[in-house]
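Next come the chains, spelled out residue by residue.
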Amino acid sequence: MHDDATLTVGRASRALKERILPAVHAASIPFDVAAHELPGEPIPPTKGLQLEFQAYEVGTPWGPPWGTTWFRLRGTVPQHWAGRQVELVVDLGFDVSRTGFQCEALIYRPDGTPLKAVNPQNQHAVLVEEAAGGEEIELFLEAAANPEIHGSRGFIPTYEGDVLTAHREPLYVTRRMDLALFEEDTHELALDIEVLLDLAQQLPEGRRRHRILQALDDALDVLDLQDIPGTAAAARAELTEVLASPSGASAHTISAVGHAHIDSAWLWPVRETIRKVARTTTSMAELIDRTEDFVYGMSSAQQYAWIKEHRPEVWERIREAVAAGRFLPLGGMWVESDVVMPTGEAIVRQFSQGQRFFEREFGVRCRGVWLPDSFGYSPALPQLMVRAGFDWFFTQKISWNQVNKFPHHTFEWEGIDGSRILSHFPPMDTYNSELSGEELAKATAKFRESRRASGSIAPVGYGDGGGGTTREMVGRAQRLADLEGSPTVRWEHPDQFYDRARDEVPEPPVWVGELYLEIHRATLTSQHKTKQGNRRSEHLLMEAELWASTAAVGAGTEYPYDELDELWQMTLLHQFHDILPGTSIAWVHREAQETYEHIRARTERIIHDALTALVGTGDVPVEANPTPFSADGLPAHGASPVPEVGSDAVRLTETKDGGFELRNALVSVTITPEGHVSSAVDLASGRECVAPGREAGVLQLHQDFPNKWDAWDVDRFYRNRVTELREASSLSAEVTEAGGAVVTVDRSFSASTLQQRLILEPDSRVLRFEQSTDWQETEKFLKASFPLDVRAEHTAAETQFGFHRRVTHSNTSWEAAKFETSMHRFVLAEEPGFGVALVNDSIYGYDVTRDVVDADVTTTVRLSLLRAPRFPDPETDQGVQTHVYGMVIGAGVAEATRAGIEMNMPRRRLQGSQGFAPLVRCEGEGLVVSAVKLAEDRSGDLVVRVYEALGRRAEGTITVNAPVAGVREVSLIEDDLTDVGTFAPVRLRPFEVRTLRFSLG
C-alpha cells in the first residue's frame, strides 16, 4: 500500500479543529446581556449581584487593565431543547493559548452560588442536564480584565504591571455569551480523535500505528460534516476497536493528579490571586462532582485560608471534597516558598503554619513537600523536611537547567547533615500537563529509573495563573487508562505513588548537596527592597519571640500568640517563589514594601513592650543582646547596663597619599584616596587579606541584558564588560563617640550617586560598609569586589542551619554553571589556618573566581548588590537603596557565623532600672540557638531550637532560667519525639538541628 499517513493526519486534524469541535455547541442562542463596570477595586459577590446593570451588546470593548466588570445574562431555553443538556458558552475575548494570563470570570447563580469559572481553555459551564422547555436562566459573571503582561510580545517593558500606571482603555472585546445545546456524542468523538491522533503521531512505524490511522479514515468516511451531531455516534463506532486495545504489562504508569499551579503573586497582585484561587477551586469542585475518579491536588495553606476568609461559599465545597478524598491538600507549607533565601526558622514556620492549618481545618497532615516551581533547592532542605515529619519531596524545576541534565527522576536527596528524603520529578518536564501524546511519550522515553520503577507523576491542568484541569483532560485520562501503545493513566494521590516507588526502588540513586537551578540566577539580587524586607522581618520576628518568651516567663506578661502567627504568615506569604526572588510586577513589590514596614512597626512594638517589662522603669542605659553570643560582659539573649567606653578606641591616621589607616587591637586597615581597601592585616598572624596589587571593596558595574527572563536571569556573558567605579568625589574621616573610626566616600556614576561609610569599631575584626545608593541605572548589575590573598579550594556559604561548601574552580560543566550562587549572612574563603569572610544584612548572591598573582592563586569574592532589569517591573530598584556588608579580617566558620548574626541582630539600647539574665543558656562549641519561643499549642511550654554551625560533632548543654518539670525532644513542628528528663544535654552531628520543649514547673 501507499503511505497515506500524512494525508490521514492532515484530514483528521482539520476536521477536528474546523468542524467537530465547533459542533459541540453548534446550536445556540445569545443571552440578553447587561453589564456594570466597577470604578475601582473588586467588591464581594453579595454586592456584585445587587449592582445596577446597563444593557450591553456582545462585541463591545470592555475591561480596562485590572478592572472588574459584572455581566448579567438572561435567557430562555427553547422548547425543542427540552430534555437535553444546556450549557453556557462564553468568550470574553480570549486568546486560547494564554489560560491564566488574561481575562477570566467566575459564574454565579442569582442566589450567590458559584457555579464554575470560564477562561481561554474552559469556556463552558453546564447549566441544566435535562432542560425544561421555556425554562428561564439568569446568571452573573464577575469578569476580571487582567492585562497580559508576558505573552507573544516577549519580555517587553510595560507599565501595565501596576494599577497606578496602567492605561484605562478597554483591553478585551467579547465574542460570545450564548445559551447552547451540548452535543455529547460530538464531544466524545472529538476526544476519541484527539487521543488517537496524538498517539499515532508518537508511535513508530508498525501495525498499531497503521491500524489507528485506518480507523481514523474509516470514522471520517462515516461522519457527515454537514450533520456532525447526527453522525457522530456512527463515527465513534468505527474507533471502538482501536480504543479498546489494551496496553501491555510493561507500559509506563502515569500517576495523574489534577493541578493548577497558582502563583500566589506574579504577573498579578495578591488581591487577584485570591480571586484566581476562587475561580479555579470552584471549577475543580464542579469537575469532582461530575466525575467518579478524578482527584485534584492543591498546595499552599495560604490559598485555602484566603478562600475561607473571602469566599465562604466556595470554602464549603472545598471542605466537602477534601472530606471525600477527592480534593487533596498538598505540600504542608504556608506557600510554595523560595527555599534558597529564607532562613532556617522561616522554612520551619512554612512547615508548621502549613501543617497546623491543614490539620485544624481538614484533620489531615501532608506527607510530602510539593514544590514544582521554586528556583533551586537548598542543601539544608532534606533535614528540615525529615525533621518536620515529611517523607517525600516533589519538584519539576530542575528540568529547566541550561547545561546539565539532571541524572535522576526518582532518587534520594541527601542534605548537609546526611538526612535523606525520597524525591521525584516528572520526566515529562512540566507541572501543567494536558496529557498530550507528546507529554506521555516523553515520560516513557526519558524516565531514568525505568529499570526498576514503573511510573512517574503528572500534575494535570493549566497553571501559573490557575485554571486547573478541564473535562477534556479528564476525558483523555479515561481513554488512556488502558490503551495500547500509550502509558497507562490513573488518577491517584501522590502518597500512593511514593509508597509504590519505595517498594519498587528500595535502594534508589542518591544526589548529595544542593539542587542548583542552572537558570534564574539573578533572582538572588532583583528587587533589593523586597529581599531586605524579608531579611529584616525574619530576624525581627525571631527577636520578638525571644524577648516575648523571656518576658512571659520572667515578668508574667502575656505572650502575643495570635499577633506573632499573623506576622509570620505575612512574612511567609512574601517568601513565595515569585515575590522574594523579585520576579513579580511592580504592584506586587510596591505592596510588599508596605507590608514589610507594617511588620517592622508591629514587631518593634512587641520587642519594646517585652524589653520594657524586663528592664523596668528608670534612667539607667541598658543594652540587650538578641544574639546567641555573649560579648563585652553582655550575656547572650540577655541584657546588662551599658559599660563606659574604654581606652581602646580605633586609631585613625592620614596616610601620605591622602588616604587613611584604621587600627585597633586586632586589625589594621588602609584605605586609598579613592576609598578602596589596599590593605587589611590580621595583627596576630601578620596575614594580609587583600591580594597583592589589588584593592578590596571596589564597586564594579556590568552591562546586564540576558537573552530572556530579565528579572530572573543573568547570563555568563555579563562578565565580558565591566566598569570599575574608582573615582571618589569626596573622602573624609572621623572618630566616633563610641571610639570607632569612619571613612566616608561619595561617588557618582552615570545618573546615579552613592555614599559609603567604612567603619571599624574597637575590638572588632569586621570592616563594615554602610552603603546608600541612589540607583538610576537601566540594565546594569552592581557588584562589590573583594580580591583576597587566600588560596581557597572552596567557599563556605551560609544556608539554613549551617553552610554549604562549593568549589572555587570550574573543572566540569556542573561547576562552571554555578557562576552566581547563594548565601545567607556570610560567605567564607578559607585556606588551612586563615580565612576571610564577607557578611551582609540583605545580600543573597555572590560569585567567585580564582586568580593568579605572582604565580600564586588568590580568590576573588564579589557580592551582588543591585540590578536594573525592566521586565516585568520597568523601574526595578530605581531610587535609594541601602546595604550593609562587612569584611571579617582573619576568620573561620565560627567567626563568620557570629559576625553574620550580629550584623543582622544588632544590640538594643534602652532606658530602665536593671538588666536581666537570659531565659536560656547554651554552652558548647559550635552550638547556636536559633529560636526561643513558647510552644504553638499555647500550653506555656518553652521551645528552644539549637543547631550545630561548624560542620563537626558537638556536645553541650541547654539550661533554662526557670523551674523545669520535664524536657522532651520534639519535631520542627513540635510533635513529641523522645522524653529527655529534666536536663538537656545536647549531642549533635554536623549541622544537625534539634528542637527541645521544656515544661516549666
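Residues numbered from 1 in each chain as written. Predicted model: local features only at pLDDT ≥ 70, side-chain atom pairs only at ≥ 80, totals over all residues. Heavy atoms only, no water.

Q: An account of the overall build of the protein chain is needed here, citing residue identities and associated values.
A: Along the protein chain, the regular secondary structure elements total 19 helices and 53 strands. Here the protein chain has a C-alpha radius of gyration of 31 Å; the compact-globule value for 1001 residues is 30 Å, and the two agree. Seen through its C-alpha atoms, the protein chain measures out along the principal axes to roughly 100 × 65 × 60 Å. Counting only residues that meet the buried cut, the protein chain has 63% of its 1001 residues in that class. Considering only intrachain contacts with a sequence separation of at least 6, the fraction spanning at least 24 residues in the protein chain is 75%. When the accessible surface of the protein chain is totalled, it reaches about 36500 Å², and 47% of it is carbon and sulfur. Averaging the locations of the 99 positively and 147 negatively charged side chains of the protein chain gives two centres separated by 2 Å. (Helix = DSSP H or I, 4+ residues; strand = E, 2+ residues; numbered from the N terminus. Rg over C-alpha atoms; globule rule 2.2 N^0.38 Å. Buried < 20%, exposed > 50% of the residue type's maximum accessible area, 1.4 Å probe, protein only. Contact = heavy atoms within 4.5 Å. Areas by Shrake-Rupley, 256 points an atom, 1.4 Å probe, with all protein chains shown as cover. Lys, Arg positive; Asp, Glu negative; His and termini not counted. Charge placed at Lys NZ, Arg CZ, Asp CG, Glu CD.)

Q: Quick one: what's the story with the sheet that holds strand 26 (residues 660–663), residue by residue and with numbers?
A: The strand order 25-26-27-28-29 describes an open sheet built from 5 strands, whose pairing is antiparallel. Sheet topology places strand 25 (651–654) and strand 29 (687–688) at the edges, where each strand pairs with a single neighbour. Sheet topology note: the strand 28 (residues 677–682)/strand 29 ladder contains 2 bridges and is antiparallel. Counterpart to Val681 in the pairing with strand 29 is Glu688. (Pairing = 2+ DSSP bridges.)

Q: Before we move on, could you go through the pattern of salt bridges and cite the residues and values that matter?
A: A complete count under the given rule lists 95 salt bridges for this structure. Two residues, Asp847 and Arg862, come together in a salt bridge whose shortest N-O distance is 3.1 Å. A residue pair is termed long-range when its members are at least 10 positions apart, and Asp847 in strand 42 (residues 845–853) and Arg862 in strand 43 (residues 856–867) qualify at 15 residues. Each member of the salt-bridge network shares a partner with another, and the members are Glu41, Glu104, Glu142, Arg271, Glu272, Arg275, Lys276, Arg279 and Arg311. (Salt bridge = Lys/Arg side-chain N within 4 Å of Asp/Glu carboxyl O.)

Q: Break down the sheet that holds strand 7 (residues 104–108) for me, citing the residues and quoting the values.
A: Spatially, the 6 strands line up as an open sheet ordered 3-2-5-10-7-8, and their pairing is antiparallel. At either margin of the open sheet sits one strand with a lone partner, and together these are strand 3 (54–55) and strand 8 (114–118). Across 5 bridges, strand 7 lies against strand 10 (residues 136–145) in antiparallel orientation. When the sheet's bridge partners are listed, Glu104 is paired in strand 10 with Ala144. Taken strand by strand, helix 7 (residues 270–289) contacts strand 5 (67–76), strand 7, strand 8 and strand 10, and its axis lies near 110° from that of strand 8. (Axes fitted to C-alpha atoms, helices over the stretch in contact; angles between N-to-C directions.)

Q: Let's hear about the environment of Gln532: which residues, and what values?
A: Mapped onto the fold, Gln532 is located in helix 15 (residues 528–555). Given a relative accessible area of 8%, Gln532 falls into the buried group. Taking the C-alpha atoms as reference points, Gln532 and Val314, separated by 218 residues in sequence, lie 36 Å from one another. Those residues in contact with Gln532 that lie beyond four places of it in its chain are Asp841, Ser842 and Thr882.

Q: Now, about helix 16 (residues 561–573): what can you tell me, with residues and values included?
A: Residue pairs spaced three or four apart in an α-helix point in one direction, given the helix's 3.6 residues per turn. Given a rise of 1.5 Å per residue, 13 residues ought to cover 18 Å, and the 18 Å separating the end C-alpha atoms of helix 16 matches this to within 8%. For helix 16, a buried count of 10 out of 13 residues is recorded, marking the element as mostly surrounded by other parts of the structure. For helix 16, the full list of buried residues reads Tyr561, Glu563, Leu564, Asp565, Leu567, Trp568, Met570, Thr571, Leu572 and Leu573. Taken together, the buried residues of helix 16 touch helix 8 (301–310), helix 10 (344–362), helix 15, helix 17 (586–615) and strand 47 (927–934). (Expected span 1.5 Å × (residues − 1).)

Q: Any details on the nonpolar core? Residues and values, ideally.
A: Core analysis: the biggest nonpolar cluster contains 199 residues, and Ile193, Phe351, Phe393 and Trp413 have the highest contact counts within it. Looking at which element gives the most residues to this core, the answer is helix 17, with 11 residues. Residues Val669, Ala784, Phe786 and Tyr846 belong to the second largest nonpolar core, which totals 48 residues. (Core = buried A, V, L, I, M, F, W, Y, C linked by side-chain atoms within 4.5 Å.)

Q: Help me get a handle on the packing of helix 8 against helix 10, residues and values and all.
A: In contact at an axis separation of 9 Å, helix 8 and helix 10 are set at 45° when each is read in the N-to-C sense. Compared by their axis directions, helix 8 and helix 10 come out oblique. Crossing hand, helix 8 versus helix 10: left-handed. Between helix 8, through Ala301, Tyr304, Ala305 and Lys308, and helix 10, the contact on the second element is made entirely by Gly354, Phe357, Phe358, Glu361 and Phe362. Residues of the contact of helix 8 with helix 10, tallied by class, amount to 6 nonpolar, 1 polar and 2 charged. (Parallel < 35°, antiparallel > 145°, perpendicular 65-115°, else oblique. Left-handed = near helix turned anticlockwise from the far one by under 90°. Nonpolar A, V, L, I, M, F, W, Y, C, P; charged D, E, K, R; others polar.)

Q: Just give me the short version of the packing of helix 15 against helix 17, but keep the residues and values in it.
A: Where helix 15 meets helix 17, the closest approach of the two axes is 8 Å, and the angle between their N-to-C directions is 20°. As summarised for this structure, helix 15 and helix 17 are arranged roughly parallel, according to the angle between their axes. Judged by the sense of rotation from one axis to the other, the crossing of helix 15 with helix 17 is left-handed. Of the residues assigned to the contact of helix 15 with helix 17, the class counts are 16 nonpolar, 8 polar and 4 charged.

Q: Please provide a residue-by-residue account of the side chain of Glu160, values included.
A: Within the secondary structure layout, Glu160 lies in the loop between strand 10 and strand 11 (172–173). Here Glu160 occupies a buried position and makes no salt bridge, while the nearest side chain of opposite charge, Arg168, is found at 7.6 Å. Sequence-distant contacts of Glu160, defined by excluding residues within four places in its chain, comprise Pro65, Trp66, Pro147, Ile149, Ala166 and His167.

Q: Kindly report on the environment of Arg175, identifying the contributing residues and their values.
A: With respect to the secondary-structure elements, Arg175 resides in the loop between strand 11 and strand 12 (176–181). On the basis of relative accessibility, which here comes to 53%, the residue Arg175 falls in the exposed class. Counting along the chain gives 85 residues from Arg175 to Val90, while the straight-line C-alpha distance between them is 7.8 Å. A distance of 3.0 Å separates the side chain of Arg175 from the backbone oxygen of Phe94, its partner in a polar contact. (Polar contact = N/O pair within 3.5 Å; in protein donor to acceptor, adjacent residues only side chain to side chain.)

Q: Quick one: what's the story with unusual backbone geometry, residue by residue and with numbers?
A: Excluding glycine, a negative phi dihedral is what most residues carry, and trans is how most peptide bonds are arranged. Here the residue pair Phe871 and Pro872 is connected by a cis peptide bond, since its omega of 5° sits within 30 degrees of zero. In this structure, Pro872 sits in the loop between strand 43 and strand 44 (879–889). Despite not being glycine, Ser300 shows a phi value in the positive range, around 70°. The backbone of Glu974 shows a phi angle near 75°, a positive value even though the residue is not glycine. With respect to the helices, strands and loops of the structure, Glu974 is situated in the loop between strand 50 (964–970) and strand 51 (976–981). Residue classification places Glu974 among the buried positions, given a relative accessible area of 9%.

Q: Give me the packing of aromatic side chains: which residues, what numbers.
A: For the coordinates displayed, the defined rule picks out 44 aromatic pairs. On the basis of an interplanar angle of 50° and a centroid distance of 5.6 Å, the ring pair of Phe406 and Phe425 is categorised as tilted. Taken as a pair, Phe406 in the loop between strand 17 (392–394) and strand 18 (410–414) and Phe425 in the loop between strand 19 (420–424) and helix 12 (437–446) lie far apart in primary sequence, 19 residues in all. As far as the burial class goes, Phe406 and Phe425 line up, both buried. Ring plane angle 55° and centroid distance 4.6 Å describe the contact between Phe406 and Trp511, whose orientation is recorded as tilted. Of this pair, Phe406 sits in the loop between strand 17 and strand 18 while Trp511 is found in strand 22 (residues 510–512), placing the two residues 105 residues apart along the sequence. Site record: aromatic cluster; members linked through ring pairs are Phe101, Phe155, Trp266, Trp268, Trp400, Trp709, Trp712 and Phe871. A cation sits over an aromatic face here: Arg98 above Phe101, 4.5 Å from the ring centre. (Phe/Tyr/Trp six-rings, centres within 6.5 Å; stacked < 30°, edge-to-face > 60°. Lys NZ or Arg CZ within 6 Å of the ring centre and 35° of its normal.)

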